[in-house]
Amino acid sequence: MIRKDMLSIKKLETIAKDTFLIVLASNISVDDVAPGQFIHIRIGQGNAHLLRRPISIADVDQANQLLTIIFKSVGEGTTQLSKQKVGDQVDALLPCGTAYPIAGLTMHSALLIGGGIGVPPLYYLAKQLVAKGIKVTAILGFQNKEHVFYEQEFQALGDVYIATNDGSYGYQGFVTDVYQQVQPDFDCYFSCGPTAMLKSVTSTLEDKQGYISLEERMGCGVGACFACVVPSHDGGYRKICQQGPVFPAKEVAL
Ligand code: FES
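Chemist: Would you mind going over the sheet that holds strand β5 (residues 66-72) in detail, with residue names and values included?
Modeler: Strand pairing in a sheet takes place through backbone hydrogen bonds and is either antiparallel or parallel in direction. Ordered by their spatial adjacency, 6 strands build a closed barrel running β1-β2-β5-β4-β3-β6, and the pairing between neighbours is antiparallel. Taking the axes of each pair of neighbouring strands and ignoring which way they run, one obtains an average angle of 45° across the sheet. Two elements, strand β1 (residues 3-16) and strand β2 (residues 19-25), share 7 bridges in a ladder whose sense is antiparallel. Paired with A16 across the bridge in β2 is T19. Packed onto the sheet, helix α3 (residues 120-131) meets β4 (52-61) and β5 and runs at close to 30° relative to β4.

What follows is the structure in structure tokens.
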């Protein structure tokens, strides 16, 4: 059930170029927050719908009721968020959207493929998968060395392959190039990143079972603007903010 909460900032740090990590304390239980969901943060004063920003959840600390978000400062709203201070309060709706449906899946190994700011939600997913005894392999793509983050955190959970577009760190090329080279074994894949990357991932892995998160395509995040609509293979469409951001890979047409 989505609720409104005033989250307080416990930690804020820069973890890569233009990339920020914020740890937020909740007043109410975050036990129901699942991997793949996002929080919808209101930044500044004024019209709440215009000023809210959907930001994916990178980690949940249930014992201490903490949420971690990681985001890039790409516009006015996220830049403003990156300039908040420890102790500031953030107005948020949570948890929003669909989660990766790991409870209902039988698998021994999982492949996680993330690109840029699509990497954070895969971290909490990886932790949950490992807790269930599932082997995790991650292929993470970034623009260049300066943008790489969370490599060690993923390494603590399984095998990790990093790709950069310019080859300044790890493999040179796209995540799908790394996949072709490494050919990891897996039962199910989970992916999040830019639409072009997801298109390439879903076509490369078209004979595999997988789930993708389309959060890059979100606008208002509350079903009001239709900016997030994506065609589905049944001839209809889906609203990413309400029926997603996570979909079975074969459900939507990218
Ligand atoms: Fe506005 Fe989905 S983001 S309707």
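Chemist: Give me the lowdown on the packing of aromatic side chains, citing residues and values where you can.
Modeler: Taken as a whole, this structure holds 11 aromatic pairs when the rule is applied. Consider the rings of Y123 and F154, whose centres lie 5.5 Å apart with planes at 70°: the pair is edge-to-face. With Y123 in helix α3 and F154 in helix α4 (residues 151-155), this residue pair connects regions lying 31 residues apart in the sequence. Accessibility classification places Y123 together with F154 in one group, the buried group. Measuring from ring centre to ring centre gives 6.2 Å for F149 and Y150, while their planes differ by 65°; the resulting arrangement is edge-to-face.

Chemist: Could you give an account of unusual backbone geometry, naming the residues involved and the relevant values?
Modeler: Of note, the bond from L94 into P95 is cis; its omega dihedral lies within 30 degrees of zero at -15°. On the secondary structure map, P95 appears in strand β6 (residues 89-96). Going from G244 to P245, the amide bond is cis rather than trans, its omega being 10°. Along the polypeptide, P245 turns up in the loop between α7 (240-243) and β15 (246-248). The residue Q65 is not glycine, and still its phi comes out positive at about 55°. Looking at the element boundaries, Q65 is found in the loop between β4 and β5.

Chemist: Please provide a residue-by-residue account of the environment of N64, values included.
Modeler: Examined against the element boundaries, N64 turns out to sit in the loop between β4 and β5. C-alpha of N64 to C-alpha of D18: the two residues are 46 residues apart in sequence and 28 Å apart in space.

Chemist: Which residues make up the pairing of strand β7 (residues 109-115), and what are the values?
Modeler: Burial analysis of β7 places 7 of its 7 residues in the buried class, the great majority of the element. Alternating positions in β7 separate into two faces, S109, L111, I113 and G115 on one and A110, L112 and G114 on the other, with burial throughout. Bridge count between β7 and strand β8 (residues 135-142): 7 bridges; the pairing is parallel. Note that in β8 the partner of S109 across the bridge is K135. Note: β7 against strand β11 (residues 188-192), 5 bridges, orientation parallel. Bridge assignment links I113 to a residue of β11, and that residue is S191.

Rules of the game
Residues numbered from 1 in each chain as written. Predicted model: local features only at pLDDT ≥ 70, side-chain atom pairs only at ≥ 80, totals over all residues. Heavy atoms only, no water. Pairing = 2+ DSSP bridges. Helix = DSSP H or I, 4+ residues; strand = E, 2+ residues; numbered from the N terminus. Axes fitted to C-alpha atoms, helices over the stretch in contact; angles between N-to-C directions. Contact = heavy atoms within 4.5 Å. Phe/Tyr/Trp six-rings, centres within 6.5 Å; stacked < 30°, edge-to-face > 60°. Buried < 20%, exposed > 50% of the residue type's maximum accessible area, 1.4 Å probe, protein only.

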